[in-house]
Each structure stands twice: as structure tokens, then as C-alpha cells.
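One-letter residues, chain by chain:
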Amino acid sequence: MAETTVVLHLPHRNGAPFRDSKWPPHLKFHASDIRPRENKMPDHNRRTFPWGKVLISLSALGTAVGVFIADWNETHIYNSTWPPHAKFHNAQTMNMGVVLGLVVIYYLWKAPRTRTSLKTAAIVASVYGVTQLAVVFYPGVSSTDPPGENTWPQLMTTLPSLGCVLVGYLIERRRIIQN
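What you are looking at is a predicted structure, and each value in this text was computed from that prediction instead of being measured.

### Focus: the overall build of the protein
Secondary structure summary: the protein contains five helices and zero strands in total. Listed by position from the N terminus, the elements making up the protein come as α-α-α-α-α. By residue count, 23% of the 179 residues in the protein fall in the buried class. Contacts in the protein between residues at least 24 apart in sequence constitute 61% of all its contacts with a sequence separation of at least 6. Within the structure as shown, the protein displays about 13,100 Å² of accessible surface, and the carbon and sulfur contribution to it stands at 64%.

### Some points on the packing of helix α2 (residues 51-71) against helix α4 (residues 115-133)
The description of two packed helices rests on the angle between their axes and on the distance between the axes. Closest axis-to-axis distance for the α2/α4 pair is 10 Å, and the angle between their directions is 35 degrees. Handedness of the α2/α4 crossing: left-handed. Contacts from I56, S59, T63 and V67 in α2 reach L118, A125 and Y128 in α4.

### Concerning the packing of aromatic side chains
Inspection of the entire model under this criterion finds four aromatic pairs. Aromatic side chains F49 and W51 sit 4.4 Å apart centroid to centroid with 55 degrees between the ring planes, which places their arrangement in the tilted category. The partly exposed category is assigned to W51, whose relative accessible area is 45%. Between F68 and W72 the ring centres are 6.0 Å apart and the planes differ by 45 degrees, which places this aromatic pair in the tilted class. According to the relative accessible area criterion, F68 is partly exposed, its value standing at 29%. Through a chain of ring-to-ring contacts, the aromatic side chains of F68, W72 and Y78 assemble into a single cluster.

### With respect to the pattern of salt bridges
Applying the stated criterion across every chain, the model contains one salt bridge. In this structure, E172 engages R175 in a salt bridge whose closest nitrogen and oxygen atoms are separated by 2.5 Å. Of this pair, E172 and R175 both sit in helix α5 (residues 155-178), separated by three residues, roughly a single helical turn. Overall, the relative accessible area of 1% leaves E172 in the buried class.

Conventions we followed
- Per-chain numbering applies: the sequence of each chain, read as written, is numbered from 1 onward.
- In keeping with the model being predicted, local features are shown solely for residues with a pLDDT of at least 70 and side-chain atom pairs are shown and tallied solely at 80 or more, while totals for entire chains, interfaces and linings include all residues.
- The side-chain quantities take in all heavy atoms of the structure and omit both hydrogens and water.
- A run of DSSP states H or I qualifies as a helix once it reaches four residues; a run of E qualifies as a strand once it reaches two. Both are numbered from the N-terminal end.
- Each residue gets one of three labels from its accessible area relative to the maximum for its type: buried under 20%, exposed over 50%, partly exposed in between, using a 1.4 Å probe on protein chains only.
- Any two residues whose heavy atoms approach within 4.5 Å at even a single point are treated as in contact.
- The Shrake-Rupley method, run with a 1.4 Å probe, gives the accessible areas here. Residue values count only the displayed protein chains as cover.
- Angles run from 0 to 180 degrees between N-to-C directions of axes, and those axes are lines fitted to C-alpha atoms, restricted for helices to the stretch in contact.
- If you view the pair so one helix is near and one far, a crossing is left-handed when the near helix is turned anticlockwise from the far one by less than a right angle, and right-handed when it is turned clockwise.
- Between 30 and 60 degrees the pair is tilted, below 30 it is stacked and above 60 it is edge-to-face, where a pair is any two Phe, Tyr or Trp rings, Trp via its six-membered ring, whose centres lie within 6.5 Å.
- By definition here, a salt bridge exists when the distance from a side-chain nitrogen of Lys or Arg to a carboxyl oxygen of Asp or Glu is within 4 Å.

The following block contains the structure:
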């Protein structure tokens, strides 16, 4: 092991610096007693960066934007075979996605951060996906319009979105409890 030189700037006693033999016992040490300080920065960042909030926010933004990506086209809002009332409900659903996303962002990032606001944000972030999955309980419902097959393509976005909310909630709840 290489030798380490340590320079200490200690107070003087009666105008003279301490000598090795005259050091108080609590100041006597050997260079081998000094250990390099471990880099705690990555662990510190993991604990303080709001990864859970980011995951829930991504889900909320995905809901707010995704409804327009999925529905603002000829298969939904511009579908000439849909009656005006069906388009009304489609527009209402798109607006609901935007409002839910904004409410989630508000509750997640407002001060002060509390477990209650986190729980509220997680529940609101789950509403759109849970109600989308619950349509299986209604008679005559299909995940797509003809001539498409009823293969539930929504599951490719809904399940990962709900997973982000759950994981984000668990991570953020732990971070709030620890801090």
C-alpha cells in the first residue's frame, strides 16, 4: 500500500504548533486510519430524484396525448359512419383524458408533497385505464370497429401505463417515507 501524506492545520498551543509527542490523544492517528470516502452521489441521486413522480407523470401525459393520437382520425372522430352522439362521447372521452392528465400533474408536483397527494395522483392516473379495461363487462362492446378484429390493441398501452403508475407510486411512497 502506498504511503499517504496528510497535512493537518491544527491550532497552536501557546504560540507553538503541536508536536507528535504532545498531541492530545483524540488527535493522534496514523495515515492508515484514513479511508477514502466512498462516492455516495449515485445512491444519493437515486434516493432524492423523484423517479416515481416521473413514471406517474409519463403515464398521465401518455393518457392526455394518447387519446388524441388514437382517436383524432378517420376511425373515430372523423368517422363518417358514426352518428353525432357517438362523436360526442368520443370527444368527451378525449377531454377526460386531458383533464385527468392535468389533475395528476398538479397533485404530483404541487408543494408540499404528501402521501395523500401522491395517493390522489396515482388513483386519478389509473382512472382512464381502469375504466377502459372495465368495458368488457358491457354487452356488445368491441375494442375496434369493423372491419377490424376484436383483439384489444388498447392493452398494449393501458397495461404498461397502469404498471408505470403502480411502480411509480411504490417508489415515490418509499422516497417520501424515507425523507
